[in-house]
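Understanding the architecture of this molecule
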Amino acid sequence: MKTLFVIDMQKDFIDGSLGTKEAVAIVPKVKAKIDEYRKAGAQIIFTRDTHQKNYLETQEGHKLPVEHCIEGTEGWQIAKELEVLPDDIVINKVTFGHDWSKHIQQVPDLIKGDEFELIGLCTDICVISNALGLKAIYPEIPISVDSSCCAGVTPESHDNALAAMKMCQIEVL
């Protein structure tokens, strides 16, 4: 069984404070991919970039001084078109990549798949961080990224991130 990781498909990254036309363009493809996984009975894990009201005072806020994904705001929500269902897992993460080892220690059977696929935003920040983090913990599990269901901060940085993931034995579809 495969597990689909839907990375940070939140309003602020799609058409909000950090949105791009490329992010808007992938939403229908991401929805189709999620529907495909649901029909197959596969596990779906959504991540949600989660910041607090003091974001601009944080290390990340100093480097990227644009408020985004503030917990509880509309921009923090996963895009309505993607419809999170009760069986889906939603993980709030406080930085680019999530510490998957923490969840695995607390809930050893959290991730059920024997193959992982990642899609979402932003290819060059959060998707690559999570893909490499999962690869470090699960070196023998095949990991792929569907490039048509991802968008980066810029098209060039998207392509650079895909090339870097390929070099780290992550299959780019």
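Notes on the structure follow. Because the structure is a prediction, the values reported are computed rather than measured.

1. Concerning the side chain of Ser 144
- Here Ser 144 shows up in strand β5 (residues 143-151).
- Apart from the residues within four sequence positions on either side, Ser 144 is in contact with Phe 116, Glu 117, Leu 118, Ile 170, Glu 171 and Leu 173.

2. A short note on the environment of Ile 7
- Among the structural elements, Ile 7 can be located in strand β1 (residues 2-7).
- Separated by 70 residues in the primary sequence, Ile 7 and Gln 77 have C-alpha atoms spaced 12 Å apart.
- The contacts of Ile 7, once residues within four sequence positions are left out, are Thr 47, Leu 118, Ile 119, Gly 120, Leu 121, Cys 126, Val 127 and Asn 130.

3. Here we look at the packing of aromatic side chains
- According to the stated counting rule, one finds two aromatic pairs in the structure shown.
- Between Phe 5 and Phe 116, the aromatic rings sit 5.3 Å apart at their centres with planes inclined by 75 degrees, giving edge-to-face as the arrangement. Of the two residues, Phe 5 sits in strand β1 while Phe 116 sits in strand β4 (residues 115-121), which places them 111 residues apart along the sequence.
- Taken together, a centroid distance of 5.2 Å and an interplanar angle of 85 degrees make the contact between Phe 116 and Tyr 138 edge-to-face. Of this pair, Phe 116 sits in strand β4 while Tyr 138 sits in the loop between α5 (123-137) and β5, and the two are 22 residues apart along the sequence.
- A relative accessible area of 17% means that Tyr 138 is categorised as buried.
- Members of the aromatic cluster, each reached through a chain of ring pairs, are Phe 5, Phe 116 and Tyr 138.
- One Lys or Arg, Arg 48, reaches over the ring of Trp 76 and ends 3.8 Å from the middle of that ring.

4. Remarks on the pairing of β4
- Most of β4 sits out of view: six of its seven residues are buried.
- Both β1 and β4 contribute to a ladder of six bridges, which runs parallel. Each bridged residue has a counterpart across the sheet, and for Phe 5 the counterpart in β4 is Leu 118.
- As judged from the five bridges shared by β4 and β5, these two strands associate in the parallel manner. Paired with Leu 121 across the bridge in β5 is Ala 151.
- Since β4 and β5 lie parallel, the crossover through α5 that links them has a hand, and here it is right-handed.

5. Focus: the packing of α5 against helix α6 (residues 155-167)
- Running from N to C, α5 and α6 point in directions that differ by 15 degrees, and their axes come no closer than 9 Å. One element, α5, and the other, α6, form an angle in the roughly parallel class. When the axes of α5 and α6 are compared, the crossing they make is right-handed. Listed contacts from α6 to Thr 123, Asp 124, Val 127, Ile 128 and Ala 131 of α5 are Ser 157, His 158, Ala 161, Leu 162, Ala 164 and Met 165.
- Taken together, the residues of the contact of α5 with α6 break down into seven nonpolar, three polar and one charged.

6. Quick look at the side chain of Asp 12
- Structurally, Asp 12 is set in helix α1 (residues 11-14).
- It turns out Asp 12 is buried and unbridged, and the closest side chain with the opposite charge, Lys 11, is 6.8 Å from it.

Cut-offs and rules
Residues numbered from 1 in each chain as written. Predicted model: local features only at pLDDT ≥ 70, side-chain atom pairs only at ≥ 80, totals over all residues. Heavy atoms only, no water. Helix = DSSP H or I, 4+ residues; strand = E, 2+ residues; numbered from the N terminus. Contact = heavy atoms within 4.5 Å. Phe/Tyr/Trp six-rings, centres within 6.5 Å; stacked < 30°, edge-to-face > 60°. Buried < 20%, exposed > 50% of the residue type's maximum accessible area, 1.4 Å probe, protein only. Lys NZ or Arg CZ within 6 Å of the ring centre and 35° of its normal. Pairing = 2+ DSSP bridges. Right-handed = clockwise from strand over helix to strand, strands pointing away. Axes fitted to C-alpha atoms, helices over the stretch in contact; angles between N-to-C directions. Parallel < 35°, antiparallel > 145°, perpendicular 65-115°, else oblique. Left-handed = near helix turned anticlockwise from the far one by under 90°. Nonpolar A, V, L, I, M, F, W, Y, C, P; charged D, E, K, R; others polar. Lys, Arg positive; Asp, Glu negative; His and termini not counted. Salt bridge = Lys/Arg side-chain N within 4 Å of Asp/Glu carboxyl O.

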